[in-house]
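# Structural features, examined
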Amino acid sequence: MSDGDPSAATAAGGDRAAEIDTAGAAADATDRRRLGAVVLAVLISQVLLYPGVPDLVVALGAPAGIDAGMWFLVAEFGAFVTFAVVWGALSDALGTRVPLIVTGALSGAASYVALASLPGLGLGFGAALLVRVVGGALTIGAFSLSITLLMDLRGGNGRNMGTAGFAIGLGAAVGSVVGGSLAGLGALYPVYAGAVVLAAAGLLAATVDDRRRTAAANNSEASDSGASDSASETDGGGFRDVLARARTTPGLLVPLAFGFVDRLTAGFFALVGVYYFQDPATFGLSAAGAGATLALFFVPFALLQSPFGALSDRIGRFLPVVAGSLAYGVATVGVGVAPAYPIAAALMVLVGVCGALMAPATMALVTDLVEPEVRGAAMGLFNVFGSLGFLAGFLVGGSATGAFGYTPAFLAVGGLELAIALALLPAVRSLSPGAGVIGRLGAEG
């Protein structure tokens, strides 16, 4: 065999490519686990506070009642809305994500410490709301960019978003159970625990390979000067690019709309659900019992995200998004009209299963529709709509409950989920008509 044997060179090149692919897949798997753990920790730190909100707002100087709890949650999510796209567009422009994730997580942990210090300083509830706004502006950077970095990995958009969804659901489940137990020991205990967990998230994020920076460097090395300038312009205009695509590609508005209404129901449960299950006129549970009940939703929501996300890669997004949303809306209404706690608890499990079916497919649609260069801004935009949904869930849920009671509030929120799913059914079908026998049957049916 001569040195110039082309078949040998081809074989050697193929072996080398296979080795690179294997190494890359292993690196992606490692970072997928780490990023999932970061998202998990951020969610735990956030949800730790929810079961004890009725007592926490009083400890921070507010009068008792659902209104104070509503504004306590609204303050944080208002900052989420304002800053989610800012962090995403900044990461696109700088060509890096990990340093921003670390900064957001560690600074967010400091805001939790500041919040817990307010009663000792004699500052009132207004100061607490201000700290919540600052903390939300910081924490959303760690949350949104960790999910965006998952989008940068290979292995299937549904699988990657399933990892994010698993972390979100499990974090909410752990946070609700542990937070309820900590709230029983003292109103401020969940806040201190949230600071520790969020700081740990920042330290873990520092160990992740920054795929965005690597991709930017590779693109720069492979391009001539003119092409590099063009790439820089694309990166620097990430926010504008994704907004322009939203205007010219109506399909992107579909996952944004589903993200809005899905998070609306989650916000509704985070606020109204806590009061609903603790109210002596309904089920009269303790804070720990209410947290455990929320976990009945979050545990299946977490455990089924990854397999359902991979399922959407195989059969398309249509069936998981539409069927999941319809069932989710019906089950949500059922919780509000359940005549006994065991029925309400069983329906909370069903809500979690339906949420797990639709959530990763919805996030994967975002990845399907936008270019890699604007993923940070696109996921930021998705989280803006999601945070607006949370805000609407808090405001609509709190206001409707105060004015009309629990049952009408559950009917309104569940009915909105059903209405969005039915209205956008044709649009989802056009974006993802379905693949495989199950996917095609769902889309055609």
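Residues numbered from 1 in each chain as written. Predicted model: local features only at pLDDT ≥ 70, side-chain atom pairs only at ≥ 80, totals over all residues. Heavy atoms only, no water.

A separate point is the packing of helix α11 (residues 253–278) against helix α15 (residues 341–369). Between two packed helices, what matters for the description is the angle formed by their axes and the separation of those axes. Relative orientation of the contacting elements α11 and α15 amounts to 155°, with a least axis distance of 10 Å. Regarding the angle of α11 to α15, the classification is roughly antiparallel. Note that α11 runs across α15; the crossing there is left-handed. Residues P255, F258, G259, D262, F269 and F277 of α11 lie in contact with α15, whose contacting residues are Y341, A344, M348, V351, M358, T362, L365, V366 and L369. Of the residues belonging to the contact of α11 with α15, the class tally is 12 nonpolar, two polar and one charged. (Axes fitted to C-alpha atoms, helices over the stretch in contact; angles between N-to-C directions. Helix = DSSP H or I, 4+ residues; strand = E, 2+ residues; numbered from the N terminus. Parallel < 35°, antiparallel > 145°, perpendicular 65-115°, else oblique. Left-handed = near helix turned anticlockwise from the far one by under 90°. Contact = heavy atoms within 4.5 Å. Nonpolar A, V, L, I, M, F, W, Y, C, P; charged D, E, K, R; others polar.)

For the protein, the mean per-residue pLDDT works out to 80, and 81% of the residues sit at or above 70. The spread of mean pLDDT over the elements of the protein runs between helix α9 (residues 225–236), the lowest at 39, and helix α7 (residues 189–205), the highest at 95. Confidence drops under a pLDDT of 50 for residues 214–239, and excluding neighbours within four residues, the segment shows 17 contacts in the predicted structure. A low-confidence stretch, residues 436–441 (pLDDT under 50), is modelled with eight contacts involving residues beyond four sequence positions or located in other chains. (pLDDT = per-residue confidence, 0-100.)

A few words on the packing of helix α14 (residues 318–337) against α15. Contact pair α14 / α15: the axes reach a minimum separation of 8 Å and the direction vectors enclose 155°. What the angle tells us is that α14 and α15 run roughly antiparallel. Relative to α15, the crossing made by α14 is left-handed. Along its contact with α14, which presents P320, V321, G324, S325, A327, Y328, A331, T332, G334 and V335, the element α15 presents A344, L347, M348, L350, V351, C354, G355, L357, M358, A361 and T362.

Once that is clear, we can look at the nonpolar core. F72, L115, V335 and F394 are the most contacted members of the largest nonpolar core, which has 116 residues in total. Element by element, the count of residues in this core is highest for α15, at 13 residues. If sequence neighbours within four positions are ignored, V335 has contacts with F269, Y276, F277, A344, L347, M348, V351 and F410. V254, V322, L424 and V428 belong to the second-largest nonpolar core, a separate cluster that totals nine residues. (Core = buried A, V, L, I, M, F, W, Y, C linked by side-chain atoms within 4.5 Å. Buried < 20%, exposed > 50% of the residue type's maximum accessible area, 1.4 Å probe, protein only.)

With that settled, consider the environment of S144. Counting through the fold element by element, S144 comes out in helix α5 (residues 125–151). Taking the C-alpha atoms as reference, S144 lies 6.7 Å from A84; in sequence the two are 60 residues apart. In contact with S144, not counting residues within four places along its chain, are A84, M379, G380 and N383.

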